[in-house]
Amino acid sequence: MKAPDDATVARLQRILDTPDLGDGRYELGERIGEGGMGVVHVGLDRRLDREVAIKFLRPGALAASDVARLRREALLLARLEHPGIVPVHDLGELPDGGVFLVMKRVRGRGLDAVVQGGVPLGERLRLFLQLADTIAFAHAAGVLHRDLKPANVMVGTFGEVLAMDWGVARVVAGSDATTETRSATPSEGSPPGTGAGTVIGTPGWMAPEQARGDAISSGVRMDVFGLGRMLGMLLEAPGPAGAAARTPPAPLRSIARRATAEAPADRYPDVPEMAADVRRFLDGERVLAHHETPAERVRRVLAPHTIAIVLIGAYVLVRALLFAINRR
Amino acid sequence: MSAFPPTRHSAVVAIRSQDPGERSRGYDAIVAAYWRPAYIHLRHRWGAAPEDARDLVQGFFADAFEKGTLERFEPGRARFRTWLRVCLDGYAGHAREAATALKRGGGWTRLALDFDGAERIAGELQAPGADPDEMFRREWARSVLEGALADLSTWAAERGHDTGFRMFLAVDVESDGGARPTYDELAQAHGLPVTTVTNHLHRMRREFRRAALERIRALTLDEQEFRDEARALLGEDPA
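By convention here, each chain's residues receive numbers from 1 onward along its written sequence. The naming scheme follows written order: chains are lettered A onward, ligands numbered 1 onward. The predicted nature of this model means local features are confined to residues of pLDDT at least 70 and side-chain atom pairs, given and counted, to a pLDDT of 80 or more, with totals for whole chains, interfaces and linings taken over all residues. Neither water nor hydrogens contribute to the side-chain values; these are computed over all heavy atoms in the structure.

Draft legend 1. Seen up close, the overall build of chain B. Scanning chain B from N- to C-terminus turns up 10 helices and 0 strands. Helical segments are the DSSP runs of H or I of at least four residues, strand segments are the runs of E of at least two, and each set is numbered from the N terminus. Secondary structure elements of chain B, listed N to C terminal, follow the sequence α-α-α-α-α-α-α-α-α-α. Here chain B holds 239 residues, and 50% of them are scored as buried. All accessible areas in this document rest on Shrake-Rupley with a 1.4 Å probe, and a residue is counted as covered only by the protein chains that are shown. Approximately 11300 Å² of chain B is accessible, and the part contributed by carbon and sulfur atoms is 50%. The cut-offs for exposure are 20% and 50% of the maximum accessible area for each residue type, with area from a 1.4 Å probe on protein chains only; residues under the lower value are buried, those over the upper are exposed, and the others partly exposed.

Shown next, in the form of structure tokens:
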């Protein structure tokens, strides 16, 4: 057998590197992302002639629990129909018993990359609120994300914010995660291999109780913590080029601080409460998580009337000058 | 049970064996995997003429066997592949200075190697100024994949999977661009259902992957180096 040429070497390496989809509906393209358990390739849906994203387990991760986990992620995504969640199109089976997930191909950038490019604070907060609304929707549908971090959030071409990678999400008992779900048994509704005692999440972003192997008992407050870390990241991100660097407003820092409190009971009870506080800041109202000083209260109350105050001040000054001139 | 029993032992371990037969078999495996990367490296990195490169390759492996050069590999400091290339560079530099490399046929057993085939590849590589490390890695990968193909051929023949192997060759090895046959065409050509073609090809790809990993394991000293080299070939952790 003669030595393979460069083109053959490339084909053989591709065989080693990619799952075998056979000759069916989907054609596999380049790898566009990867996580701890899965890899994502761009693909072509031959039947509908459109690009899709195809998620697989890594070739080595073919244990029954891994397969069950990806299958479960597909079912979970299928029940979460929301503009902030990437829709799943199909769940396919591989000849080796593995599964693959076909999803909408999202074009966009990671949230951290977007904000590092210099985005005004108001826009950063609007991105945050879109994400918070998505997570609140998932909670209302009985699903905890449990791995919120910038790498799992994409901003699409039209500014839409998408929560990605629901691989370690947990379905809680009943249909509403916003109610306390402590009655659920430890592993109930969890993906295989992610039950009690297992550390779920990403260091630096996960809640303290998650780091201790308890990714269940705090319920939605776990995701409140993740959102708090995200808000902190957004507050520290640079403003637009040329704009002077400013310390994040104290009320917003108070919101992030409350959301990331060590004890779950000290955090916001749910995501809508947290989002409401951010909206209060945007609307010039008092932020509940923040204890205002009198000076802050005055500044906040007067802030919407800055132009009127300046105009009135200028008017009074001019009248005073005219009065003084006429007295002479 | 492994599809390639018995599991290959590491040739890098074998060359350190006190058993002369085991040590010799280890060297044979290393020569089989590295002679062509070495030849192409000498042609491009050192600008050696084909005849000189042949003699240098023969001389290098004979010298390494005699002096135990490759056995001094320390896994914590570099990959075995890198160590071998450093030794080769040292040998080539010394040979150039001493002008001893052209003593054709002197002192060592000349190995039967397909230098004409290697020369064809060397001739196709139009890469003046290419990174020697990357070129050596690429030739190493070619050598591993060629070995894995040979292993797969043997495996398929022993288990009566010749049809599957021929399909694998047609789709994944011998095809170029648009000439790749579809599963439907293969099914018609072999008088089989398309699902059987799918199963054949899936089995062959799975076993090819296993054969490639076995090859890598045979050329590495420990688990860490195996994983590093697998990542270099597969682009991912082989866990």
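Draft legend 2. Layout of the overall build of chain A. Per the secondary structure count, chain A includes 10 helices and 10 strands. Total accessible area on chain A is roughly 16000 Å²; 56% of this is exposed by carbon and sulfur atoms.

Draft legend 3. The arrangement of the confidence of the model for chain B in detail. Residue and element names in this part refer to chain B. Looking at chain B, pLDDT values average 81 and 83% of them are 70 or higher. Considering each helix and strand of chain B separately, the mean pLDDT is smallest for helix α5 (residues 115-124), with a value of 70, and largest for helix α7 (residues 162-173), with 90. Every residue in residues 1-7 scores below 50 in pLDDT, and together they form 15 contacts with partners more than four places removed in sequence or on other chains. Scored from 0 to 100, pLDDT records how confident the predictor is in each individual residue. Note on contacts: a residue pair is in contact if any heavy atoms of the two residues lie within 4.5 Å. Considering only residues more than four positions removed or in separate chains, one finds that residues 104-108, a stretch of pLDDT under 50, has 11 contacts. Of the two predicted TM-score estimates for the complex, the pTM is 0.64 and the ipTM is 0.75.

Draft legend 4. Local environment of a nonpolar patch on the surface. Together, A:L317, A:V318, A:L321, A:L322 and A:I325 give the surface a local cluster of nonpolar side chains, amounting to about 480 Å² of exposed area. With respect to the helices and strands, A:L317 occurs in helix α10 (residues 306-327). Each patch is assembled from residues with relative accessible area greater than 30% and no salt bridge, linking like charges that lie within 9 Å and nonpolar side chains (Val, Leu, Ile, Met, Phe, Trp, Tyr) that lie within 5 Å. Throughout this description, the term salt bridge denotes a Lys or Arg side-chain nitrogen within 4 Å of a carboxyl oxygen of Asp or Glu.

Draft legend 5. Inspection of the sheet that holds strand β9 (residues 161-163) of chain A at higher detail. Residue and element names in this part refer to chain A. Strand pairing requires that DSSP identify at least two bridges connecting the strands. Strand order in the open sheet formed by 3 strands is β6-β8-β9, and the pairing between neighbours is antiparallel. Single-partner strands in this sheet number two, and they are β6 (108-110) and β9. Strand-to-strand, the axes of this sheet are offset by a mean angle of 30°, without reference to chain direction. Direction of pairing for β6 relative to strand β8 (residues 153-156): antiparallel, over a ladder of 3 bridges. Bridge assignment links G108 to a residue of β8, and that residue is G156. Where helix α4 (residues 121-140) meets the sheet, it contacts β8 and β9, and its direction lies at approximately 40° from that of β9. Angles here are taken between N-to-C directions and fall from 0 to 180 degrees, while the axes themselves are lines fitted to C-alpha atoms, restricted in helices to the stretch in contact.

Draft legend 6. Region of interest: the pairing of strand β5 (residues 99-104) of chain A. Residues and elements named next belong to chain A. Most of β5 is tucked away: 5 of the 6 residues are buried. The pairing of strand β4 (residues 88-93) with β5 spans 5 bridges and is classified as antiparallel. Each bridged residue has a counterpart across the sheet, and for D90 the counterpart in β5 is V102.

Draft legend 7. Here's a closer look at the packing of aromatic side chains. Residues and elements named next belong to chain B. Stacked, edge-to-face and tilted labels apply to pairs of Phe, Tyr and Trp rings (six-membered ring for Trp) whose centres lie within 6.5 Å, assigned for plane angles under 30 degrees, over 60, and everything in between, in that order. Enumeration according to the criterion identifies 9 aromatic pairs over all chains in this entry. Of the aromatic side chains, those joined through ring pairs into one cluster are Y34, F73, F80 and F136. Only when the NZ atom of a Lys or the CZ atom of an Arg is both within 6 Å of the ring centre and within 35 degrees of the ring normal do we say a charge sits over the ring. In this structure, R81 is placed above the aromatic ring of W140, and the distance from its NZ or CZ to the ring centre is 4.6 Å. The ring centre of F226 lies 3.9 Å from the NZ or CZ of R217, which sits over that ring.

Draft legend 8. Structural context of the confidence of the model for chain A. On average, residues of chain A score 84 in pLDDT, and 88% of them are at 70 or above. In the model, residues 179-188 of chain A has pLDDT below 50 throughout and makes 16 contacts with residues more than four positions away in sequence or in other chains.

Draft legend 9. Broad picture of the nonpolar core. B:Y34, B:F61, B:L70, B:F168, B:F208 and B:L233 are the most contacted members of the largest nonpolar core, which totals 72 residues. Looking at which element gives the most residues to this core, the answer is helix α6 (residues 132-158) of chain B, with 11 residues. When near neighbours in sequence (up to four residues on either side) are disregarded, B:L233 contacts A:Q13, A:L16, B:W140, B:A141, B:V144, B:L145, B:A212 and B:I216. One finds A:V161, A:M230, A:L235 and A:V287 within the second-largest nonpolar core, a separate group that totals 58 residues. Side-chain atoms within 4.5 Å link the members of a nonpolar core, which is a set of buried Ala, Val, Leu, Ile, Met, Phe, Trp, Tyr and Cys residues.

Draft legend 10. Geometry of the sheet that holds strand β2 (residues 38-45) of chain A. All names here are of chain A. Read from one edge to the other, the open sheet built from 5 strands follows the order β1-β2-β3-β5-β4, with strand pairing classed as antiparallel. Two strands lie at the open edges of the sheet, namely β1 (26-34) and β4, each paired on one side alone. Strand-to-strand twist of the sheet, defined as the mean angle between neighbouring strand axes without regard to direction, takes the value 30°. Sheet topology note: the strand β3 (residues 50-57)/β5 ladder contains 5 bridges and is antiparallel. Residue pairing for β5: V52 is matched across the bridge by K104. Sitting on the sheet, helix α2 (residues 64-79) touches β3, β4 and β5, and the angle it makes with β5 is about 30°.

Draft legend 11. Region of the structure containing α4(A). Residues and elements named next belong to chain A. An expected span of 1.5 Å times one less than the residue number is assigned to each helix. For α4, built from 20 residues, the straight-helix expectation of 28 Å at 1.5 Å per residue is met to within 8% by its first-to-last C-alpha distance of 28 Å. Listing the buried residues of α4 in full gives R124, L125, L127, F128, L129, L131, A132, T134, I135, A136, A138 and H139. Backbone geometry just after α4 places G142 at a positive phi near 90°.

Draft legend 12. Region of the structure containing the side chain of A:R221. Residues and elements named next belong to chain A. Mapped onto the fold, R221 is located in helix α6 (residues 220-236). With relative accessibility at 14%, the residue R221 sits in the buried group. In this structure, R221 is in contact with P264, A265, R267, Y268 and P269, ignoring residues within four places of it in sequence.

Draft legend 13. Representation of the pattern of salt bridges within the structure. Scanning the entire structure with this criterion turns up 30 salt bridges over all chains. Note that A:K55 is salt-bridged to A:D165, the shortest N-O span being 3.4 Å. Within this pair, whereas A:K55 is found in strand β3, its partner A:D165 is found in the loop between β9 and β10 (170-171), the two being separated by 110 residues in sequence. B:R81 is paired through a salt bridge with B:E229; the nearest N and O atoms lie 2.6 Å apart. Residue B:R81 is located in helix α4 (residues 80-98), and its partner B:E229 is located in helix α10 (residues 223-234); the two are separated by 148 residues in the primary sequence. Using a relative accessible area of 1% as the deciding quantity, one classes B:E229 as buried. Among the ionic contacts, a cluster of salt bridges with common partners joins A:D6, B:E139 and B:R142.

Draft legend 14. Quick peek at unusual backbone geometry. Residues and elements named next belong to chain A. The phi dihedral of R146 falls on the positive side, at around 75°, and the residue is not glycine. Within the element layout of this structure, R146 appears in the loop between β7 (143-144) and β8. Although it is not a glycine, D165 adopts a positive phi angle of roughly 50°. Judged by its relative accessible area of 30%, D165 falls in the partly exposed class.

Draft legend 15. Layout of the environment of A:L302. Residue and element names in this part refer to chain A. If you trace the backbone, L302 turns up in helix α9 (residues 294-302). Residue class for L302 comes out partly exposed when judged on its relative accessible area of 40%. A sequence separation of 18 residues divides L302 from G284, and the C-alpha atoms of the two residues are 9.5 Å apart.

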